[in-house]
Amino acid sequence: MTPSRDWALNLLWLGAGMVLGILAVAGFIYYTLTTGPQVYEGMHNSEKLRQVKIGMTRQQAITIMGPPLSKRVLLPGLGGAYNTPVTIYNYRTSPLASDAIAFVLDPDSIVVGTSHGK
């Protein structure tokens, strides 16, 4: 083989290796965002939240949902839609979800709202 031909062949192999590397990374990202364990957990939480109804007690909602990932108190007048302090119980969502999976409790620990993580 001539030196120019060796150089062209090496360049071809380098290009093929880069394409395969990019495809492997893209496949891993696709798996992580669409079929990984966080996706399953987020879908499962969204399905369970459909069973939580307005008017249920905190204990009834937690019995359905399990322990929350986090919870926070939102005071009235801080951008919320409620006139009294509410407690928001947050659950894991799918990585591609645009909203939280959560239920909202009023001061009497009654469910007054839900968010399904769409």
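Residues numbered from 1 in each chain as written. Predicted model: local features only at pLDDT ≥ 70, side-chain atom pairs only at ≥ 80, totals over all residues. Heavy atoms only, no water.

### Structural notes on the confidence of the model for the protein chain
Interpretation of the predicted coordinates at a detailed level should be avoided for regions scoring low in pLDDT.
Point 1. When pLDDT is averaged along the protein chain, the result is 85, and 88% of the positions lie at 70 or above.
Point 2. When pLDDT is averaged over each helix and strand of the protein chain, the minimum, 78, is found for helix α1 (residues 3-34) and the maximum, 98, for helix α3 (residues 58-65). (pLDDT = per-residue confidence, 0-100. Helix = DSSP H or I, 4+ residues; strand = E, 2+ residues; numbered from the N terminus.)

### With respect to the pattern of salt bridges
Point 1. Enumeration according to the criterion identifies one salt bridge in this entry.
Point 2. Residues Glu-41 and Arg-92 are paired through a salt bridge, measuring 3.1 Å at the closest nitrogen-oxygen approach. Taken together, the positions of Glu-41 in helix α2 (residues 37-49) and Arg-92 in the loop between β2 (86-91) and β3 (101-105) put the pair 51 residues apart, joining distant regions of the chain.
Point 3. In this structure Arg-92 comes out as partly exposed when scored by relative accessible area, which is 28%. (Salt bridge = Lys/Arg side-chain N within 4 Å of Asp/Glu carboxyl O. Buried < 20%, exposed > 50% of the residue type's maximum accessible area, 1.4 Å probe, protein only.)

### Digging into the side chain of Ser-46
Point 1. The topology assignment puts Ser-46 in helix α2.
Point 2. Within the structure, Ser-46 has its side chain in polar contact with the backbone oxygen of His-116 (distance 3.3 Å).
Point 3. In contact with Ser-46, not counting residues within four places along its chain, are Ile-101 and His-116. (Polar contact = N/O pair within 3.5 Å; in protein donor to acceptor, adjacent residues only side chain to side chain. Contact = heavy atoms within 4.5 Å.)

### A look at α3
Point 1. Turning to α3, its buried residues number three or more, namely Ala-61, Ile-62 and Met-65. Looking straight down α3, one finds that the buried residues subtend no more than 95° of arc, so they occupy a single side.
Point 2. Buried residues along α3 sit in contact with α2, β2, β3 and β4 (111-116).
Point 3. The positive-phi residue at the C-terminal boundary of α3 is Gly-66, with phi of around 90°. (Arc of directions from axis to C-beta.)

### Things to note about the pairing of β2
Regular strands place side chains that alternate from one sheet face to the opposite one.
Point 1. Counted residue by residue, β2 has five buried out of six residues, so it is predominantly covered.
Point 2. Inspection of the sheet shows strand β1 (residues 70-74) paired to β2 by five bridges, in the antiparallel sense. The residue of β2 that forms the bridge with Lys-71 is Tyr-89.
Point 3. Strand direction decides the pairing type here: β2 and β3, joined by five bridges, are antiparallel. Within the sheet, the bridge partner assigned to Tyr-89 lies in β3 and is Phe-103. (Pairing = 2+ DSSP bridges.)

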